[in-house]
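Report on the structure
The lines below spell out each chain.
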Amino acid sequence: MLGFIARRLLATIPVMGVVALFVFLMLHLSPGDPATVIAGDYASPADIERIRAKLGLDQPIHIQFGTWVWTLMQGDLGISIFSNLPVTKLIAQRLEPTLMLALTTLIITILVAVPMGVIAAWKAGTWIDRSIMLFAVVGFSIPVFVLGYILIYFVSLKAGLLPVQGYRPISEGVVPFLRSITLPALTLSVIYIALIARITRASMLEVLDEDYVRTARAKGQLEWKVLIVHALRNAAVPIVTIIGIGVALLIGGVVVTESVYNIPGLGRLVLDAILKRDYPIIQGLILMFSFVYILINLAIDILYTLIDPRIRY
């Protein structure tokens, strides 16, 4: 197992290299000039050239790439073009809201979606199953930003139960934190609940017809024990896989959700950076998200061995 983990971690190096090259070329070959944006509407060509030289944008693209990779190897993600602050510092400042939003969403999703999928499979063909599948179809069809504004209108503006926007860190108290994070997490979790509930139902339906499940029932096992211990455990590998994929999709959903609820997280940071063409921030965040996604996939692969002892690496 340790050898497998070491090989997978070493394999991240070429993957991150390809991601870095792709991100660099995508940003630098796209239309638009950040020097012109920074200089403003009334800048002279000389002013624009001076800014371009200061940022190193007048250098050949291979020299720009080499300089950027060299700073990356020293653990430096660069300096923001507009705020003039280190990218690592900006990421650290925005990390907590995004991390808490993602964790809360993941907890809500797993606690709701897996039981829903199990119940739907258990009651397959009944009105309970059809109701859950209808929720899954609707939940998967509604865009995150549309659902966000619907929840804001009914839950915050009409009922006044939760704040409309903003984020309160957990250091200011658990209750203010939960009040600020609940609505964004619910908004973001609906689509993943729909996805994971459907996969859980399909996986459970496959194993509920297996001989060992019928044997467990014939022995007089309690139904909940048959479902959880015998069926769900053997259906867990596809469910864990889709949860891992959902975490990757979660990163994209965070950008939209943070914009709707005005949460000062990494999603807002990357959106502002794209609008301003702040290359160092965009590159740093994409590299960080890619690395996190690789680690999540590694964690999922390791989890397979704990769920199913037959899997060996």
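Preceding this paragraph is the structure being described.
First, a word on scope: everything that follows refers to the structure included in this document. (Residues numbered from 1 in each chain as written. Predicted model: local features only at pLDDT ≥ 70, side-chain atom pairs only at ≥ 80, totals over all residues. Heavy atoms only, no water.)

What to know about the overall build of the chain
- On a plain count of helices and strands, the chain comes out with 13 helices and zero strands.
- For the chain, the sequential pattern of α-helices and β-strands runs α-α-α-α-α-α-α-α-α-α-α-α-α.
- Buried residues in the chain amount to 41% of all 313 residues.
- Long-range pairs, those at least 24 residues apart, make up 72% of the contacts in the chain between residues at least 6 apart in sequence.
- When the 24 basic and 19 acidic side-chain charges of the chain are each reduced to a single mean position, those positions are 8 Å apart. (Helix = DSSP H or I, 4+ residues; strand = E, 2+ residues; numbered from the N terminus. Buried < 20%, exposed > 50% of the residue type's maximum accessible area, 1.4 Å probe, protein only. Contact = heavy atoms within 4.5 Å. Lys, Arg positive; Asp, Glu negative; His and termini not counted. Charge placed at Lys NZ, Arg CZ, Asp CG, Glu CD.)

Regarding the packing of helix 8 (residues 174-208) against helix 10 (residues 223-234)
- At a minimum axis separation of 8 Å, helix 8 and helix 10 run at an interaxial angle of 110°. With respect to each other, helix 8 and helix 10 are oriented roughly perpendicular. Helix 10 is crossed by helix 8, and the crossing has right-handed handedness. In contact with Met204, Val207 and Leu208 of helix 8, helix 10 contributes Leu227, Ala231, Leu232 and Asn234.
- For the contact of helix 8 with helix 10, the residue count by class is six nonpolar, one polar and no charged. (Axes fitted to C-alpha atoms, helices over the stretch in contact; angles between N-to-C directions. Parallel < 35°, antiparallel > 145°, perpendicular 65-115°, else oblique. Left-handed = near helix turned anticlockwise from the far one by under 90°. Nonpolar A, V, L, I, M, F, W, Y, C, P; charged D, E, K, R; others polar.)

Focus on the packing of helix 11 (residues 236-260) against helix 12 (residues 266-276)
- Where helix 11 meets helix 12, the axes come as close as 7 Å, and the angle between the chain directions of the two elements is 90°. The angle between the axes of helix 11 and helix 12 places the two elements in the roughly perpendicular class. Touching Val254, Val255, Glu258 and Ser259 of helix 11 are Leu266, Gly267, Arg268, Val270 and Leu271, all from helix 12.
- Across the contact of helix 11 with helix 12, the residue classes break down as five nonpolar, two polar and two charged.

Structural notes on the nonpolar core
- Within the largest apolar cluster, 25 residues are counted, with the highest numbers of intra-cluster contacts made by Val114, Val118, Ile196, Met204, Leu208, Leu232 and Ile239.
- Secondary structure elements with two or more residues in this core: helix 5 (87-122), helix 6 (127-141), helix 8, helix 9 (211-218), helix 10 and helix 11.
- Sort the elements by how many residues they give to this core and helix 8 lands first, with seven residues.
- Contact partners of Val118, with chain neighbours within four places excluded, come to Thr200, Met204, Leu227 and Leu232. (Core = buried A, V, L, I, M, F, W, Y, C linked by side-chain atoms within 4.5 Å.)

Section: the packing of aromatic side chains
- Applying the stated rule across the entire model yields two aromatic pairs.
- Aromatic side chains Tyr153 and Phe154 sit 5.1 Å apart centroid to centroid with 85° between the ring planes, which places their arrangement in the edge-to-face category.
- In this structure Phe154 comes out as exposed when scored by relative accessible area, which is 52%.
- For the pair Tyr167 and Phe177, a centre-to-centre distance of 6.2 Å together with 85° between the ring planes defines the contact as edge-to-face. Remark: Phe177 occurs in helix 8 and Tyr167 occurs in the loop between helix 7 (144-158) and helix 8; sequence separation between them is 10 residues. (Phe/Tyr/Trp six-rings, centres within 6.5 Å; stacked < 30°, edge-to-face > 60°.)

Considering unusual backbone geometry
- One non-glycine residue, Asn262, lies in positive phi territory at about 55°.
- Examined against the element boundaries, Asn262 turns out to sit in the loop between helix 11 and helix 12.
- A relative accessible area of 36% means that Asn262 is categorised as partly exposed.

As for a nonpolar patch on the surface
- A cluster of nonpolar side chains, Phe145, Val146, Tyr149, Ile150, Tyr153, Phe154, Leu157, Val164 and Val256, forms an exposed patch at the surface whose accessible area comes to about 810 Å².
- Broken down by element, the nonpolar patch gets its largest block of residues, seven residues, from helix 7.
- Structurally, Val146 is set in helix 7.
- Taking the relative accessible area as the measure of exposure, Val146 reaches 31% and is therefore partly exposed. (Patch = residues over 30% accessible without salt bridge, like charges linked within 9 Å, V, L, I, M, F, W, Y side chains within 5 Å. Areas by Shrake-Rupley, 256 points an atom, 1.4 Å probe, with all protein chains shown as cover. Salt bridge = Lys/Arg side-chain N within 4 Å of Asp/Glu carboxyl O.)

Some details on the pattern of salt bridges
- According to the stated counting rule, one finds four salt bridges in the structure shown.
- Between Glu172 and Arg168 there is a salt bridge, and its shortest N-O distance comes to 2.6 Å.
- With relative accessibility at 40%, the residue Arg168 sits in the partly exposed group.

Overview of helix 8
- The first and last C-alpha atoms of helix 8 sit only 41 Å apart over 35 residues, clearly below the 51 Å expected at 1.5 Å per residue.
- The axis of helix 8 is deflected most strongly, by about 35°, at Ser189. (Expected span 1.5 Å × (residues − 1). Bend = angle between axes of the 7 residues up to and from the residue.)

Quick notes on the environment of Pro176
- Turning to its location among the elements, Pro176 is positioned in helix 8.
- For Pro176, a relative accessible area of 25% gives the class partly exposed.
- C-alpha separation for the pair Pro176 and Leu162, spaced 14 residues apart in sequence, amounts to 9.9 Å.

Here's the deal with the side chain of Gln64
- Residue placement: Gln64 occurs in helix 4 (residues 61-73).
- The class of Gln64 is buried, set by a relative accessible area of 12%.

A few points about the environment of Leu249
- Looking at the secondary structure, you find Leu249 in helix 11.
- Under the relative-accessibility criterion, Leu249 is labelled partly exposed at 46%.
- Separated by 57 residues in sequence, Leu249 and Tyr192 place their C-alpha atoms 8.9 Å apart.
- In contact with Leu249, other than residues within four places in its own chain, are Tyr192 and Leu195.

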